[in-house]
Amino acid sequence: MIIEDSRSLATNIGPDEELIYRRPASLTTAHTHYCPGCTHGVAHRLIAEVIDELGIREKTIGIAPVGCSVFAYNYFNLDFAEAAHGRAPAMATGIKRVQPDKVVFTYQGDGDLAAIGTAEIIHAAARGENITVIFINNAIYGMTGGQMAPTTLPNMKTTSTPTGRDVELAGFPIRMAELLARLDGAAYVVRRSLHNPAEIRKAKKAIRSAFENQMQGRGFSLVELLSSCPVNWNMQPVEALKWIETHMMPIFPLGDYKSL
Amino acid sequence: MSLPEIQRKQVAEVSKLVSGDDIRLRIAGESGEGVITAGDILLKTLHKMRRRVFTYETYPAEVRGGHCWYQVRTMIPEVLSAGDAIDVLLAFNQEGVDEHFHALREGGFLIRDAPTNPPMDEAPGPKQYFDVPIPMGELAVELGSPKGKNVAALGALAAAIGMPDTTIEASIAEVFARKGEKVVEQNLQVLRAARKAYLEIPHPPVPDLKSGEPENVTGYLMTGNDAVVLGAVAAGCRFFAGYPITPASPILEAIARELPRVRGTFIQAEDEIAALGLCLGASYSGVKSMTATSGPGFSLMAEELGLATAAEIPVVIVNSQRAGPSTGMPTKNEQGDLNAMVFSGHGDAPRIVLAATTPETAFEMTVEAFNLAEKYRHIAILLLDGNLGQMMEPAELPPMRPVDGRRPDWALTGAEGRPHNIISSIYLQPEELERVNQRLQAKIERIRAEEVRYQEYMLEGADLIVVAYGTAGRIAQSAIKMARQQGISVGLLRPISLFPFPEDRISQLADEARGFLVVEMSAGQMLEDVRLAVAGQAPVRFLGRMGGMVPLPEEILAAIVKLDQATSPSIVLRHVEQVRGGSAGGWE
């Protein structure tokens, strides 16, 4: 079911024109605050398209993280709440347990999910909570100004690792998908990337599976999305997308780590 | 068996005292010897006899082993404190004898397991007591019930204080019923054998322990923790998440059993951060939620207190206070968390804090906490302490009403046929955020104006005012009774809401009162509230115990007497005269 409003493109179609692209009903008309070249917008759109296609907009509840995507609730035309930093999986669990007929998802960045909220995501997965998690991994802290993330690559320069991440002192990147897939409670854990159209299509498919799993009661589903942060990586947008492929994918291989 | 002359002499005195209305009993032994079970059987029996009780139990923080004891005071009228010297000590082992003998009053009963020795240390002076060695363990083993030492002790006790046989036997049958008839029968045999063993030794005349009138004790026998759980369920709580922490764990365990019966949800969280996060998720959905914790766990929740305050999400938190700071003494109680309850967390917004005093008020205040949390979309905290949580007493419950299960319109239930709901605390324009904060402050002001709760006791026209809450408040009430008997004009103000604090009432009392005494089981936190309300109109004195020490009624009485003397009008007069006479003067 698609709800159109007066500002929608749909109203301006000429007689010999065909509508091939429009704003999903699950997105609001708000302009996002994301930087040029950031892939958050792509991820938002994929989620919104999937929710539209599954016809679940009116029963989906989202939880926003603390981080760049903290304002996700302004961009999704869904019931949405803010979480305390890292606690989104706990809050989503609370919502889902008392409203099992609703579709509940969290949208979390790498600081939110893999650092401050490590306990919450691990235990939500271990309990096999029937929720969907979209995990944006861009290997850096965006909102706070480009500091090291738990997923920052070895030797990668950030504002808190000015000479590059020294694994001797600052540890190694955490591969959350691999880690969570080892838990018996997790039903579906995959890693995809948003660096080119082909991968974006695969990402959308995975997001769809993650939502369908929940609707079918299969349990905890997580899609990790390798994403770009041109501003904090200090790169041009296109260069940043290439960097995902050349630098991130060797450390964070794409694939299905668990699929029941 | 013949008693030494000196003990024989004791017999008559002892018997006279024990037949009195007020009996203080203490059961002491090794953790695992059934001390708590014995206490529970005793309570059930006293409850059946319509006698009032006050209990105090202490157990080791270790998982196994360690010394534990359970004190029961029983009277026919209301009991306000655990009392000081004990009349009967039931000791299951040598440590039980040695550790507690000092508390036994002159002429009291020492009922001990036969292999133990009489107390070694009788300092400061020899104390006369009635020594009752009963082979409790041996009797139990002989009768095929090796764990029955506690029941044997109760048999001797029942005979000594004149508890009706049928009543205690009924309690035993109840407590062991779920273990099967055979176990019940074995325990009854142990009980009877021990009773016989007591009656066979020379003993004082067995008194007839009086029962109260049926109306003396009504209601259900329950602990403070049970009352919280029942109150929560009655108030419509359908979601609980928590992390086990002493002394709040019994709430978690009980609600894990109760919630599924009302189709509620229980989740044991990975830590207290997740526990409150889970609760907020349920609250986001418009479902009433609660968590229960103790000091260190509460500290972990501080982050989300800010979120719940700013996003205006109702939630109830029970804090069963332990002695602290930090890990402190988990099994002992203190009132050191008050400031943390009202103020912890970032941002400007004190929380609603209610304190219970008895299991009955724990029930009422739990319901009240849910109502206030919902009414104001704010956090409501119920303040307990370990002692109140474990204290078992009859509680009269109000008539139950059906729960309104409707979800509030701000809840996240899916944007079906309405614009999407957003729950957030983020505002990026200073003017906007200031307006939000002003709105929150206006709400706090409304709470201050409309939700103050307190109880007064003998306050009308009192010269001296004692201010105390929770367990300290209850003990203070017993001290006030004693002070009134001495002719001191003193009353008690017991705040029920610690925030909002009854500042107007105290300020009003300060116009007339000669002095205030604040009693807390802390270094003085509510003391500041009282000082602010009194605003220098009268002297404010303080009595505080910490580290798990509970103030005794006698201690509070002494502080009242001192305050009375220091503020007595005759002294004021003398002071004035001395000043007039040119001397330096001064307060006594």
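What counts, and at which threshold
Residues numbered from 1 in each chain as written. Chains lettered and ligands numbered in written order. Predicted model: local features only at pLDDT ≥ 70, side-chain atom pairs only at ≥ 80, totals over all residues. Heavy atoms only, no water. Helix = DSSP H or I, 4+ residues; strand = E, 2+ residues; numbered from the N terminus. Contact = heavy atoms within 4.5 Å. Areas by Shrake-Rupley, 256 points an atom, 1.4 Å probe, with all protein chains shown as cover. Pairing = 2+ DSSP bridges. Axes fitted to C-alpha atoms, helices over the stretch in contact; angles between N-to-C directions. Parallel < 35°, antiparallel > 145°, perpendicular 65-115°, else oblique. Left-handed = near helix turned anticlockwise from the far one by under 90°. Nonpolar A, V, L, I, M, F, W, Y, C, P; charged D, E, K, R; others polar. Core = buried A, V, L, I, M, F, W, Y, C linked by side-chain atoms within 4.5 Å. Buried < 20%, exposed > 50% of the residue type's maximum accessible area, 1.4 Å probe, protein only. Salt bridge = Lys/Arg side-chain N within 4 Å of Asp/Glu carboxyl O. Phe/Tyr/Trp six-rings, centres within 6.5 Å; stacked < 30°, edge-to-face > 60°. Expected span 1.5 Å × (residues − 1). Polar contact = N/O pair within 3.5 Å; in protein donor to acceptor, adjacent residues only side chain to side chain. pLDDT = per-residue confidence, 0-100. Buried area = accessible area lost by both parts, 1.4 Å probe.

### Quick notes on the overall build of chain A
Right, so step 1: If you tally the helices and strands in chain A, you get 10 helices and nine strands.
Right, so step 2: Oriented by its inertia axes, the alpha-carbon framework of chain A measures out at about 60 × 40 × 30 Å.
Right, so step 3: Put simply, 67% of the contacts in chain A that link residues at least 6 apart link residues at least 24 apart.
Right, so step 4: For chain A, the computed accessible surface area is about 10500 Å², with 55% contributed by carbon and sulfur atoms.

### Considerations on the sheet that holds strand β17 (residues 464–467) of chain B
Residue and element names in this part refer to chain B.
Right, so step 1: Taking strand neighbours across the sheet as the criterion, the five strands line up as β16-β18-β17-β20-β21 in an open arrangement whose pairing is mixed. Looking along the sheet, the strands with just one partner apiece sit at the ends: β16 (454–457) and β21 (540–544). Ignoring strand direction, the axes of neighbouring strands in this sheet form an average angle of 20°.
Right, so step 2: Where β17 lies against strand β20 (residues 515–520), four bridges are found, and the strand directions are parallel. Bridge pairing links Leu464 to Gly515 in β20.

### Side note on the packing of helix α8 (residues 224–235) of chain B against helix α9 (residues 249–258) of chain B
Residues and elements named next belong to chain B.
Right, so step 1: Between α8 and α9, whose axes approach to 9 Å, the crossing angle comes to 40°. With respect to α9, the axis of α8 lies oblique. Considering how the two elements wind past one another, α8 and α9 form a crossing that is right-handed. Between α8 and α9, the contacting residues are Asn225, Val228, Val229, Ala232 and Val233 on the first element and Pro250, Ile251, Ala254, Ile255 and Glu258 on the second.
Right, so step 2: Across the contact of α8 with α9, the residue classes tally to eight nonpolar, one polar and one charged.

### Quick word on the nonpolar core
Right, so step 1: In this structure, Tyr284(B), Met290(B), Phe516(B) and Ile560(B) are the most contacted members of the largest nonpolar core, which totals 162 residues.
Right, so step 2: If you look at the next biggest cluster of nonpolar residues, it comprises 49 residues, including Val35(B), Val88(B), Val132(B) and Met136(B).

### Describing the pattern of salt bridges
All names here are of chain A.
Right, so step 1: For the coordinates displayed, the defined rule picks out 45 salt bridges over all chains.
Right, so step 2: Two residues, Arg191 and Glu178, come together in a salt bridge whose shortest N-O distance is 2.6 Å. Highlighted residues: Arg191 in strand β7 (residues 186–193) and Glu178 in helix α7 (residues 176–181), separated in sequence by 13 residues.
Right, so step 3: Through salt bridges with shared partners, one network takes in Arg45, Glu49, Glu53, Lys204, Arg208 and Glu212.

### What to know about the packing of aromatic side chains
All names here are of chain B.
Right, so step 1: In total, this model carries 10 aromatic pairs over all chains according to the counting rule given.
Right, so step 2: Considering the side-chain rings of Phe101 and Tyr129, the 4.9 Å spacing of their centres and the 75° angle between planes classify their relative orientation as edge-to-face. Taken together, the residues Phe101 in the loop between α3 (94–100) and β5 (104–113) and Tyr129 in the loop between β5 and β6 (130–134) connect sequence positions 28 residues apart.
Right, so step 3: With a centroid separation of 6.0 Å and 10° between ring planes, the pair formed by Phe240 and Phe266 is classed as stacked. With Phe240 in strand β8 (residues 239–242) and Phe266 in strand β9 (residues 265–268), this residue pair connects regions lying 26 residues apart in the sequence.
Right, so step 4: Judged by its relative accessible area of 0%, Phe240 is buried.

### Some thoughts on helix α8 (residues 197–215) of chain A
Residues and elements named next belong to chain A.
Right, so step 1: Here α8 spans 27 Å end to end across 19 residues, near enough to the 27 Å set by a 1.5 Å rise per residue.
Right, so step 2: Buried within α8 we find Glu199, Ala203, Lys204, Ala206, Ile207, Ala210, Phe211, Asn213 and Gln214.
Right, so step 3: Among the structural elements, α1 (40–54), α3 (88–98), β3 (103–109), β4 (132–137), β7 and β8 (220–226) are those in contact with the buried residues of α8.
Right, so step 4: Two to three positions downstream of the cap, the backbone nitrogen of Ala198 sits 3.1 Å from a side-chain oxygen, assigning the N-cap of α8 to Asn196.
Right, so step 5: The positive-phi residue at the C-terminal boundary of α8 is Gly217, with phi of around 70°.

### Observations concerning the confidence of the model for chain B
All names here are of chain B.
Right, so step 1: Overall, the predicted model of chain B reaches an average pLDDT of 89, with 91% of residues at or above 70.
Right, so step 2: In the predicted structure, residues 1–9 sits below a pLDDT of 50 and forms 12 contacts with residues beyond four places in sequence or in another chain.
Right, so step 3: Counting contacts from residues 581–588, a segment whose pLDDT is below 50, to residues more than four positions away or on other chains yields 11 contacts.
Right, so step 4: Our summary of model confidence lists the complex with pTM equal to 0.87 and ipTM equal to 0.90.

### Considerations on the environment of Ile556(B)
Right, so step 1: Tracing the sequence through the fold places Ile556(B) in helix α20 (residues 553–567).
Right, so step 2: Note: C-alpha distance between Ile556(B) and Pro205(B) (351 residues apart in sequence) is 36 Å.

### Observations concerning the environment of Leu191(B)
All names here are of chain B.
Right, so step 1: Within the secondary structure, Leu191 sits in helix α7 (residues 181–200).
Right, so step 2: The class of Leu191 is buried, set by a relative accessible area of 0%.
Right, so step 3: Measuring from C-alpha to C-alpha, the distance between Leu191 and Ala158 comes to 9.0 Å, with 33 residues separating the pair along the chain.
Right, so step 4: With sequence-adjacent residues up to four places away left out, Leu191 is seen in contact with Val151, Leu154, Gly155, Ile168, Glu169 and Ile172.

### What to know about the packing of helix α10 (residues 272–284) of chain B against helix α12 (residues 302–311) of chain B
Residues and elements named next belong to chain B.
Right, so step 1: Viewed as axis vectors pointing N to C, α10 and α12 meet at an angle of 20°, and their least axial separation amounts to 9 Å. The angle between α10 and α12 places the two elements in the roughly parallel class. Considering only the axes of α10 and α12, their crossing is right-handed. Contacts from Glu272, Ile273, Leu276, Gly277, Leu280 and Tyr284 of α10 reach α12 at Glu303, Glu304, Leu305, Leu307 and Ala308.

### Focus: the confidence of the model for chain A
Right, so step 1: Per-residue pLDDT for chain A has a mean of 94; in total, 96% of the residues score no lower than 70.
Right, so step 2: Below a pLDDT of 50 lies the segment residues 1–9 of chain A, which in the model reaches 16 contacts outside its immediate sequence neighbourhood of four places, other chains included.

### Quick look at the interface of chain B and chain A
Right, so step 1: Counting residues at the interface gives 37 residues for chain B, matched by 35 residues for chain A.
Right, so step 2: Roughly 2700 Å² is buried in total at the junction of chain B and chain A, and carbon and sulfur atoms are behind 57% of that figure.
Right, so step 3: Sorting the residues of chain B by area buried against chain A places Glu270(B), His420(B) and Ile426(B) first, and these three jointly supply 20% of that buried surface.
Right, so step 4: There are three salt bridges connecting chain B and chain A.
Right, so step 5: Between Glu270(B) and Arg127(A) there is a salt bridge, with its nearest N and O atoms 3.0 Å apart.
Right, so step 6: For the pair chain B and chain A, the interface holds 21 residue pairs in polar contact (both at pLDDT 80 or more).
Right, so step 7: Of all elements in the fold, only β9, α10, α12 and β15 (422–423) of chain B reach the threshold of two or more residues within the side of chain B that touches chain A.
Right, so step 8: Examining the composition of the side of chain B that touches chain A, we find that eight residues originate from one element, α10(B), more than from any other.
Right, so step 9: Here the residues of the side of chain B that touches chain A sort into 18 nonpolar, 12 polar and seven charged.

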